[in-house]
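Residue-level structure breakdown
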Amino acid sequence: MRKFAEIFMVCVAVQMSCSLGVAADVALSIGYLEIKQSRPPTLSNLDPIPEDLGLAGAQTGLGDNATTGRFLGHSFDLQSGIVDVGADHVAATADMLSRTPFLLIDAPADVLLAIADLPQAKDAVLFNISAGDTALRDTDCRANLLHALPSDAMLTDALAQVFVQKRWTDLVMVSGTYPQDVAYADAMRRSLTKFGLKLGQEKTWAFDADMRRNAAQEVPLFTQPLGDYDALIVADELGDFGRYLLYNTWVARPVTGSEGLSALTWSPVIEQWGATQLQNRFAQEHDRAMQSQDYAAWAAMRTLGEAVTRTGSNDPAILRDYILSDDFELAGFKGRPLTWRDWNGQLRQPIAIAHTRALVAQAPLEGFLHRVNELDTLGLDRPESRCEVFE
Amino acid sequence: MKLCHMILASLSLAVPAHAGEIWVTNEKDDTLSVIDTDTLEVIQTYATGERPRGITFSADFSRVYICASDSDAVQVMDPETGEILHDLPSGEDPEQFVLHPDDKHLYIANEDDAVTTVVDVDSRKVVAQIDVGVEPEGMAVSPDGKVVITTSETTNMAHWIDTGTHTLFANTLVDSRPRHAEFTKGGAELWVSSEIGGSITVFDSATQGELGKMTFEIKGVHPDRVQPVGFEFTPDEKYAFVALGPANHVAVVNAQTYEVEEYILVGRRVWHMAFDGDHARLFTTNGVSGDVTVIDVAARKAVKSIKVGRFPWGAAFRP
């Protein structure tokens, strides 16, 4: 029995005929690899995670690439593989790397690193579309691993700018206990320090009751000891309890962080900068709204498409060099060109500050200046990052 | 002949001097605002279909065509009454269009469909649909009517359409997110603005080769925020006025040297523009501030801003 028999492979070939191409024919295969993770239960099932989260964005990006490519004799195809929880991801990755050096990967940080360190991946161009761990852009960075998803630090820096601008200086935080919550809380503390803010009281969410029935009774009591403050930050990255804090806190104050006013890569409420077109295109193709991970996969796919369009090459070294160069820019429906940080492989991008009904602001906020690019006020700037393998 | 002159003279005596009107589409109000170019006031507001964007008049100004994007229609309005006469089939999500010099064919960019649709305005039938890149937007037609251009925002190309065969004969790459295209110098040059790329590329129409590229720089505004969108040429084709989107300025470009001579501060997120009858004034639509800036062309100064509807987008002149 083959060890990775549970791997489900799909091939979507998009071969467009080329009647007008002036450039030489170039074909690019892109692999999409999802390493399934077990998810703990959440108090509410209101927002199920789409089966095709991420992959759907890659597919929309593939369509965009293919439409563009047909005028130039460039073709793109997407091969996707899913590795079930506990299955052998090394074998699956090696198999996919034997077919293409270009992979979009949905996996936790430790798996991403294991994949990047495979000998077969040495000359590959890998895109992280799911892990926000700041360490991956710092001491754990890898030269063959680019990050289309913003780091946690970029998101919490964006919110910290909002706190400064709104003069919400008296802040408290409620954190969950999952590793993702702890990482988010750590990133938030770092951001508050970076922007000269102080965190007051902190509490850990330790209830195990079903909040759909009694949040109204329990949250006021839980938040009463926090006293008065300007805003309550919630670190609940898995969407477990945070939704029950809104309008239930002891004092009437805004909730921000993982719930309420949030910093997001993408959101269905973004309609500025021509985003409606991308939202419509995505919704028509996939019968649902585009989420952050979809956007990250779309941006990674479009990055490869743009690099092929401009270089006319499918050589991973040439494409990687171009992507990290000053010549690269991607129109990503965020109002300014997206580029890649050449010190740690992070996609440089504005961050949406939004609630579920509307976009509130876009970071970097006005007044947060930078000597090179204001977008680098978000996340690890060149002097901060301890990543050395990109230099 | 003499009688005719007399009638005209008496008419002009009877009716107060009326230099013309600027018609503005308000994208998020589903209306048109009509500005009197003498008094610089809004004299009419007409209801349109959903999300009106592109606007243009027929050659004799007896009809106004409006891209009602979210209604998936091009509407035909009687400009005397504001009455919608009928809709033209337009394909999905028409954003911008150009009327062929034959006054009969509209070339329409269908933003959601990656298609340019050709509609006969008399028979009200779709004549052709031409596959172009992702999110077509900018539309231009050469003065001789032989070439129509569609620019595609995500594909980053100008697509050159042979109007005789309705096929593409060239596709030229430009910088990111091309938004607007215009022929100039008797059709010898094609200019294409790239919003995210922050540039205008000039092509030789005969060879489709690149002649030059211009970029813009405004003190105190990050280059990423300087985003050229709509532009218009003065009738002598010596200057182009270029809207720079969220940079809130209009650039005055020397069309011979491709150099920027001046930046004029206007309203927020300046989009498109139209000259008045004698080209003494230029009217720019400012999406975010919901107004129209009036520029004195000779003095290169903004002289007034006029409140219109929400998110003004397109502008067209009517005598």
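Residues numbered from 1 in each chain as written. Chains lettered and ligands numbered in written order. Predicted model: local features only at pLDDT ≥ 70, side-chain atom pairs only at ≥ 80, totals over all residues.

Brief notes about the confidence of the model for chain B
All names here are of chain B. Averaged over every residue, the pLDDT of chain B is 93; residues scoring 70 or more account for 94%. Note that pLDDT drops below 50 for residues 1-17; the model gives that stretch zero contacts with residues more than four away or on any other chain. Across the predicted assembly, pTM comes out at 0.89 and ipTM at 0.83. (pLDDT = per-residue confidence, 0-100. Contact = placed C-beta atoms within 7 Å.)

A short note on the interface of chain B and chain A
Taken together, the contact pairs 20 residues of chain B with 15 residues of chain A. Looking at which element gives the most residues to the side of chain B that touches chain A, the answer is strand 15 (residues 167-173) of chain B, with three residues. When grouped by side-chain class, the residues that make up the side of chain B that touches chain A number six nonpolar, seven polar and seven charged. (Helix = DSSP H or I, 4+ residues; strand = E, 2+ residues; numbered from the N terminus. Nonpolar A, V, L, I, M, F, W, Y, C, P; charged D, E, K, R; others polar.)

Description of the domain arrangement of chain A
Quite often, the size of an interface is put as the accessible area lost when its parts meet. Residue and element names in this part refer to chain A. Segmentation of chain A into domains returns domain 1 (2-150 + 266-349) and domain 2 (153-264). For domain 1 and domain 2, the distance between their C-alpha centres works out to 31 Å. Residue-level contacts link twelve residues of domain 1 with 15 residues of domain 2. For the side of domain 1 that touches domain 2, the class distribution of residues is four nonpolar, five polar and three charged. (Domains from an automatic or database assignment.)

Describing the pairing of strand 15 of chain B
Residue and element names in this part refer to chain B. Sheet topology note: the strand 14 (residues 157-162)/strand 15 ladder contains six bridges and is antiparallel. Within strand 15, the position partnered with W160 by the bridge is A170. Counted between consecutive antiparallel strands, the loop separating strand 14 from strand 15 contains four residues, among which H166 sits at a positive phi close to 55°. (Pairing = 2+ DSSP bridges.)

Regarding the sheet that holds strand 14 (residues 351-354) of chain A
Residues and elements named next belong to chain A. Read across the sheet, three strands follow the order 11-14-15 without closing on themselves; strand pairing throughout is antiparallel. A single partner strand is all that each edge strand has here, and the edge strands are strand 11 (262-264) and strand 15 (359-363). The mean angle between the axes of side-by-side strands here comes to 30°, regardless of whether they run parallel or antiparallel. Strand direction decides the pairing type here: strand 14 and strand 15, joined by four bridges, are antiparallel. Paired with I353 across the strands is A361, a residue of strand 15. Packing of helix 4 (residues 152-166) onto the sheet brings it into contact with strand 11, strand 14 and strand 15, and relative to strand 14 it is tilted by some 55°. (Axes fitted to C-alpha atoms, helices over the stretch in contact; angles between N-to-C directions.)

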